[in-house]
Amino acid sequence: MRSTRRTFALARPDRARLFALLAAACPAYAAMGQWTAINLEPTAPGLVTSQAYGVHAGQQVGIVVVNGETQAAVWSGSPGSYVNLSPAGVPNLFASAALGAHAGVQVGYIAVVNDEGDDFSLAAMWSGTPQSYVDLHPPGFEQSRALAADSTTQAGWVTVNGVPRAALWTGTPASYISLHPTGPTQSIITALDGETQAGYASVGFSHASLWRGTPESWVDMHPVQVPEISVSAVLGAHNGQQAGWAIYGPASGGISHPALWTGSADSYVDLLPAGWRDGMAIATYDGRQAGNARMAGSDYRALVWSGTPGSFENLHDVLPTGYLRSNALGIWNDGVNWYVAGIAVTPGPAFTSDAILWVSPMAPACEPDFNLDGNVDQDDIACLTQVVAGDASCSAQDPDFNGDGNVDQDDIAALEQVVAGAPCP
């Protein structure tokens, strides 16, 4: 393709194949509930925009645009922690981006231009500094990008005759292996989750997909049980869950819904909240999902869910006034706080964006063994019922089991659900 030498669109650069929704002191904004938002955009001459695409192990990754050049970036929770990952000494380098992170490793790509003006993206890996840059691009392929990483593996795609094919690496160009399955015309891995890889493969149109390390292990997770869905894709995965989107209606012009799977087509869950028009889930971690949605007449809003449509929280409400739209692109927790990385876009001719980190304390785990006898059973429900009625002789635990500030029948109902196997409220 011909190089325009322009900055990249205001969306996660590589996931833009699926969507184009978002073509000093650390400023923390007022909280909605317990969420606060931190603007990660650093102060630097010529810096006009920033975007955060992922978060893991205390680091956030993305890009900044400085004097028209897109540069890979990593933060550690504040604007002042920003590190420019763009490597020095790469001939004809004109852009770079960090798209995923895991335990101090960042993955993404660099972009170079040849003498004819054609530009190419080449998969890249870093360990927190520009000097740590590793070229992952395997010889013999036109282009490549790394989108995700775990402790040993990097994943993404390479192109053959301009068509992307699912790819895995273990730290070097020579380690590349193809996961492109027989049948689909193209495939991309967007996420890693233990022994599984997730993404999408084109079978006419894109289908949400799962692999276990080989092309032959490919599983088509397209929810055929919902016939109005024409397109689906996985964009994030963790702990047996896969987050993504599904298009209802025609592939071109249909309505995208945020989607959740647990390893099979029939596990599909539509996460679109009631009354909202469209959206997508982009990342998942420990049972929570991050993404965006919009209502009729509004722009996209960064959301987080906890596995159901009605569980959503609107992170855009945390931001100060003046932002046109927002998008949540990565989610992680350290056992104390939840962290969501994303983008907030300002209105105007240029539609500049700020990298945002949303933070919220984790709710403490509930204790369903209410009478503390070592068992979780009907005796716990009976004890809580007794306490709600005014007799606390069976337990000294807090009877506000659902944490809503009241002690009433709703607490008993919440405990009944947990005893029956539901998660903590």
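The notes below deal with the structure included here. (Residues numbered from 1 in each chain as written. Predicted model: local features only at pLDDT ≥ 70, side-chain atom pairs only at ≥ 80, totals over all residues. Heavy atoms only, no water.)

**Some points on the side chain of D299**
Relative to the helices and strands, D299 is located in the loop between β24 (288–294) and β25 (301–305). Among the polar contacts listed, one links the side chain of D299 to the side chain of R325, at a separation of 3.1 Å. (Helix = DSSP H or I, 4+ residues; strand = E, 2+ residues; numbered from the N terminus. Polar contact = N/O pair within 3.5 Å; in protein donor to acceptor, adjacent residues only side chain to side chain.)

**A word on the packing of aromatic side chains**
Taken as a whole and judged by the stated rule, the model has 7 aromatic pairs. Measuring from ring centre to ring centre gives 5.0 Å for F141 and Y176, while their planes differ by 65°; the resulting arrangement is edge-to-face. In this pair, F141 sits in the loop between β10 (134–135) and β11 (144–149) while Y176 sits in the loop between β13 (163–169) and β14 (177–178), placing the two residues 35 residues apart along the sequence. Feature note: the residues F141, W169 and Y176 constitute an aromatic cluster, connected by ring pairs. (Phe/Tyr/Trp six-rings, centres within 6.5 Å; stacked < 30°, edge-to-face > 60°.)

**Focus: the layout of surface pockets**
Of the volumes computed, that of the largest pocket is approximately 960 Å³. Every residue lining the largest pocket is counted, 28 residues in all, and those nearest its centre are A363, P364, A365, C424 and P425. Grouping the amino acids of the lining of the largest pocket by side-chain chemistry returns 14 nonpolar, 9 polar and 5 charged. (1 Å grid on protein atoms, 1.4 Å probe; cavity = no way out; pocket = protein on both sides within 12 Å on 5 of 7 lines; lining within 4 Å. Points joined across faces, edges and corners; volume = space filled by probe spheres on them. Nonpolar A, V, L, I, M, F, W, Y, C, P; charged D, E, K, R; others polar.)

**Notes on the pattern of salt bridges**
Scanning the model with the defined rule gives 4 salt bridges in all. The shortest N-O distance in the salt bridge between R277 and D278 comes to 2.8 Å. Residue class for R277 comes out partly exposed when judged on its relative accessible area of 38%. For R325, the salt bridge goes to D299, with nearest N and O atoms at 3.1 Å. With R325 in strand β27 (residues 325–333) and D299 in the loop between β24 and β25, this pair connects stretches of sequence that are 26 residues apart. (Salt bridge = Lys/Arg side-chain N within 4 Å of Asp/Glu carboxyl O. Buried < 20%, exposed > 50% of the residue type's maximum accessible area, 1.4 Å probe, protein only.)

**Side note on the state of the cysteines**
In this structure the tally under the stated criterion is 2 disulfides. The disulfide partner of C366 is C424, and the gap between their sulfur atoms is 1.9 Å. Taking the torsion about the S-S bond as the criterion, the C366 to C424 disulfide, at about -75°, is left-handed. Highlighted residues: C366 in the loop between β29 (353–361) and α1 (378–388) and C424 in the segment after α2 (409–419), separated in sequence by 58 residues. Exposure remark for C366: the relative accessible area of 18% places this residue in the buried category. In this structure C424 comes out as partly exposed when scored by relative accessible area, which is 35%. Put simply, C383 and C394 are joined by a disulfide, and their sulfur atoms are 2.1 Å apart. On the sign convention where negative is left-handed, the bridge of C383 and C394, at about 100° about the S-S bond, is right-handed. Placement of C383 in helix α1 and of C394 in the loop between α1 and α2 is noted, with a sequence separation of 11 residues between them. Take C383: its relative accessible area is 4%, and that puts it in the buried class. (Disulfide = S-S within 2.5 Å.)

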